Amino acid sequence: MRRTRVGAVALAGAVLIGGCGGPPSASSRDGDGSGEAGGRPEIGREQVVEALARGRFPGRVGDIAVIPDSRAIITYPSESNRYMHGGPWPFDSDVPLLLHGPGTFRPGVYDAPASHQDIGATVTELLGLPPWGGATGRPLREAFASDAAGDEAVRPGLIAVLVLDALRSDYLERKADLLPNLSRLAGESARFANTRVDYLPTNTSTAHSTIATATDPAIHGIVGNGLYDRRTGESKLAYEGAAPYNLMALTFADRWSVATGGRAEIVAQAGTDYPAVALAGHGACILGGHPPWMAYYDSGSGAWRTNEDCYRLPAAIAALHFDPWLDAVDRTWMGHELDSYGEARRSSLFSAFEGEAAVALIEGSAFGEDDIADLFLANLKSPDYVSHKYGPFSPEMDATLAELDGWLGRIVAALEAKAGAGGLALIVTADHGMPDTPASDDLWVTYGDVTAWLNERVDPGGPGVVAYFEGSENQMFLDHARLEALGLAPDDIARTLEESPAVGFAITADEVRQALPARR
Ligand SMILES: [Zn+2]
């Protein structure tokens, strides 16, 4: 299936309205017979509203949350982002969670519900820090080797959090043959089999901020990768300029840095800037803060960078560049030309490059050199980039998973070698998943398609009612003046949107506000 409607928004709108965009595509939901067996996953409206309430920060969300139907994809008109996560469905919201470390965690399968907030709360507890008032996560104490909270027996010397970007939890079963290291870790871990992202949207900035702060996006404020500013009419990255100023809560790295007077060795790494900022925290860009080591891949230059206002760039990877990996294959991978440092991330070569960087960071660190617990916090982004472009069950993704898994083994070995007497506590998770291939072309649309479809119904021939609608945040900002001129309310727009086959739910800000007391 190829989306051929890019640049033909009006036509796509007509396809949706007419409900017949030509013969249905021959492609099944997934090439290998995957997908939700028997049809749509069951997620109720109440659950969606609650998840939106956990992600509602005043001034940062729109008038209507437009949640794609479970069989549909709403995305950018870009071949690099044909697949888009962000919704509440299991393929987006079910994530793996492994707590690994002999002496720290008791192996086994745990059925209790767990969430990203709990990861932050668990690390906080392992560090011996008191929980803070804004935390909504709980320490997963049932998995601790000792039941006595704060017991020295559960204090590791090195705590590592590895976030495998867009690693769907069902890969653990369905791609086990490609993931021997992850499978071994899972078998040796306390595995929380019911770990679900319980807020919306399910995207990278929001997830890493939730993990790092142990609290809901409604409290830490990073409610998307991008934040639309009604005042300027512009959308910017929540972590624009690799800066942490929009993050309204302290991370466990922030708190540990302050508690140890900057003596803890804290290293954060990510395949792009925004998860690196979330994991590293505020660093020196907050009163009393110390700069941790932080490195992110810069797709403009092909090298590792930091924001020197708040963080320090580790010397171990300052000279590491993507070129040697790309030159070795003549900038071609599985028949695809890698014509920029940005596009080159959409390949298993990037798994290797990120993995090499992680090992260099760990080996070059001062982990385990004193009795203060250290932190290694990493995002490995290649599965996200590859599945955005090729889909979660493509041959390209298989190659990427296999490469990633090899590096996961090397990274864990490097961590274990540096952990010192206290040992390693390793937490492996994902930030979100990735949707299956839509059943038909008319369920594979762009943000512009949805806007055009809506305007054709409520404002035909007019300027339209949408001020901004774009990105995995799923937030639609309405043009209030136009709405008033048409005598319409956001509720009318939401009801109309729900008639679109591509839309699962359209939930107004009012509906979310009324559900706020339900937030835990
Ligand atoms: Zn993504």
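Note that the structure is predicted; figures quoted are calculated from it, not measured.

What counts and what doesn't
Residues numbered from 1 in each chain as written. Predicted model: local features only at pLDDT ≥ 70, side-chain atom pairs only at ≥ 80, totals over all residues. Heavy atoms only, no water. Helix = DSSP H or I, 4+ residues; strand = E, 2+ residues; numbered from the N terminus. Buried < 20%, exposed > 50% of the residue type's maximum accessible area, 1.4 Å probe, protein only. Contact = heavy atoms within 4.5 Å. Pairing = 2+ DSSP bridges. 1 Å grid on protein atoms, 1.4 Å probe; cavity = no way out; pocket = protein on both sides within 12 Å on 5 of 7 lines; lining within 4 Å. Points joined across faces, edges and corners; volume = space filled by probe spheres on them. Nonpolar A, V, L, I, M, F, W, Y, C, P; charged D, E, K, R; others polar. Axes fitted to C-alpha atoms, helices over the stretch in contact; angles between N-to-C directions. Core = buried A, V, L, I, M, F, W, Y, C linked by side-chain atoms within 4.5 Å. Expected span 1.5 Å × (residues − 1). Salt bridge = Lys/Arg side-chain N within 4 Å of Asp/Glu carboxyl O. Parallel < 35°, antiparallel > 145°, perpendicular 65-115°, else oblique. Left-handed = near helix turned anticlockwise from the far one by under 90°.

Visitor: How do you make sense of the overall build of the protein chain when you look at a structure like this?
Guide: Along its length, the protein chain carries 19 helices and 19 strands. Taking all 520 residues of the protein chain together, 60% fall into the buried category. Across the protein chain, every contact between residues at least 6 apart in sequence was considered, and the portion connecting residues at least 24 apart equals 76%.

Visitor: How do you make sense of the pairing of strand S14 (residues 374-380) when you look at a structure like this?
Guide: The side chains of a regular strand alternate, residue by residue, between the two faces of the sheet. Along S14, seven of the seven residues are buried, which leaves the element largely enclosed by surrounding structure. The pairing of strand S5 (residues 158-164) with S14 spans seven bridges and is parallel. When the sheet's bridge partners are listed, Ala 160 is paired in S14 with Phe 376. Alignment of strand S9 (residues 266-270) against S14, held across four bridges, turns out to be parallel. Looking across to S14, one finds that Ala 268 is bridged to Leu 377.

Visitor: Looking at this structure, how should I read the layout of surface pockets?
Guide: It is a probe the size of a water molecule, rolled over the atoms, that shows where empty space is left. Volume-wise, the largest pocket comes out at about 520 Å³. If you trace the largest pocket, you find 27 residues lining it, with Tyr 76, Asn 81, Asn 225, Leu 237 and Tyr 274 closest to the centre. Of all the elements in the fold, those that place two or more residues in the lining of the largest pocket are strand S8 (234-237), helix H10 (273-280), strand S10 (293-298) and helix H14 (382-390). Looking at side-chain class alone, the lining of the largest pocket contains eight nonpolar, 11 polar and eight charged residues.

Visitor: I'm lost on the sheet that holds strand S19 (residues 503-508) in this one. Help?
Guide: Sheet strands line up and pair through hydrogen bonds in the backbone, either parallel or antiparallel. Strand order in the open sheet formed by four strands is S17-S18-S1-S19, and the pairing between neighbours is antiparallel. The open sheet has two edge strands with one neighbour each: strand S17 (466-469) and S19. Averaged over neighbouring strand pairs, the angle between their axes works out to 25° when direction is ignored. In terms of strand pairing, S17 meets strand S18 (residues 475-478) through three bridges, oriented antiparallel. Considered in S18, the bridge of Val 466 is made with Leu 478. The sheet contacts of helix H16 (residues 447-458) involve S17 and S18, and relative to S17 the element is tilted by about 155°. Those strands touched by helix H18 (residues 490-497) are strand S1 (64-68), S18 and S19, and its axis lies near 170° from that of S19.

Visitor: I'm lost on the nonpolar core in this one. Help?
Guide: One broad rule of soluble globular proteins: the nonpolar side chains tend to lie buried together. The biggest cluster of nonpolar side chains holds 60 residues, and the ones touching the most others in it are Leu 182, Phe 322, Phe 376, Leu 415 and Leu 426. Apart from residues no more than four positions distant in its own chain, Leu 415 is found in contact with Leu 158, Ala 160, Ile 362, Phe 376, Leu 424 and Leu 426. One finds Val 223, Leu 247, Val 277 and Leu 279 within the second-largest nonpolar core, a separate group that totals 52 residues.

Visitor: Can you help me understand helix H15 (residues 395-418) in this one?
Guide: For an α-helix, the turn length of 3.6 residues means that residues three or four places apart are oriented alike. The end-to-end C-alpha distance of H15 is 35 Å, a good match for the 34 Å that 24 residues give at a rise of 1.5 Å each. A positive phi of about 75° marks Gly 420, the residue just after H15.

Visitor: Would you explain unusual backbone geometry in this entry?
Guide: Trans peptide bonds make up most of the peptide bonds, and negative phi angles are found at most residues other than glycine. The linkage connecting Leu 200 with the following residue, Pro 201, adopts the cis geometry, with an omega of 0°. Here Pro 201 lies in the loop between strand S6 (190-192) and helix H7 (204-213). Located in the positive-phi region is Ala 166, a residue other than glycine, with phi close to 70°. Structurally, Ala 166 is set in the loop between S5 and helix H5 (171-174). The phi dihedral of Met 334 is positive, around 50°, even though this residue is not glycine.

Visitor: I tried to follow the pattern of salt bridges on my own but got confused; where do I start?
Guide: Between side chains of opposite charge, pairing is possible as soon as their charged atoms come close. Across all of its chains, the model carries 28 salt bridges by this definition. Among the ionic pairs, Arg 71 bridges to Asp 69, the shortest N-O distance being 3.1 Å. Between Arg 331 and Asp 323 there is a salt bridge, with the nearest N and O atoms lying 2.7 Å from each other. By relative accessible area, which is 26% here, Arg 331 ends up partly exposed. Where salt bridges share partners, they join Arg 45, Asp 491, Arg 495, Glu 498 and Glu 511 into one cluster.

Visitor: How do you make sense of the packing of helix H4 (residues 116-126) against H7 when you look at a structure like this?
Guide: A packed helix pair is summarised by two numbers, namely the angle formed by the two axes and the spacing between the axes. For the pair H4 and H7, the least separation of the axes is 6 Å and the interaxial angle reads 35°. Facing His 116, Gln 117, Ile 119 and Gly 120 of H4, the residues of H7 in contact are Ala 207, Thr 210 and Ile 211. Of the residues contributing to the contact of H4 with H7, the split by class is three nonpolar, four polar and no charged.

Visitor: Which parts of the structure should I look at to understand the sheet that holds strand S15 (residues 424-429)?
Guide: A sheet is described by the order of its strands in space; here nine strands give the open sequence S4-S6-S3-S15-S5-S14-S9-S10-S11, paired in mixed fashion. For this open sheet the edge positions go to strand S4 (108-110) and strand S11 (303-305), each flanked by a neighbour on one side alone. Between one strand axis and the next, the sheet turns through 15° on average, direction left out of account. With four bridges joining them, strand S3 (residues 97-100) and S15 adopt antiparallel strand pairing.

Visitor: Hey, could you run me through the packing of H7 against H10 in this one?
Guide: Close contact between H7 and H10 brings their axes to 8 Å; oriented N to C, the two are set at 10°. For the element pair H7 / H10, the angle class is roughly parallel. Seen from above, H7 lies across H10 with right-handed handedness. Here Thr 204, Ser 205, His 208, Ser 209 and Ala 212 of H7 lie close against H10, whose contacting residues are Tyr 274, Pro 275, Ala 278 and Leu 279. Here the contact of H7 with H10 is composed, by residue class, of five nonpolar, four polar and no charged.

Visitor: Explanation requested: the side chain of Arg 56 in the structure shown.
Guide: Position of Arg 56 relative to the elements: it lies in the loop between helix H2 (45-54) and S1. The residues touching Arg 56, leaving out its near neighbours within four places in the chain, are Val 61, Ala 218, Val 512, Arg 513 and Leu 516.

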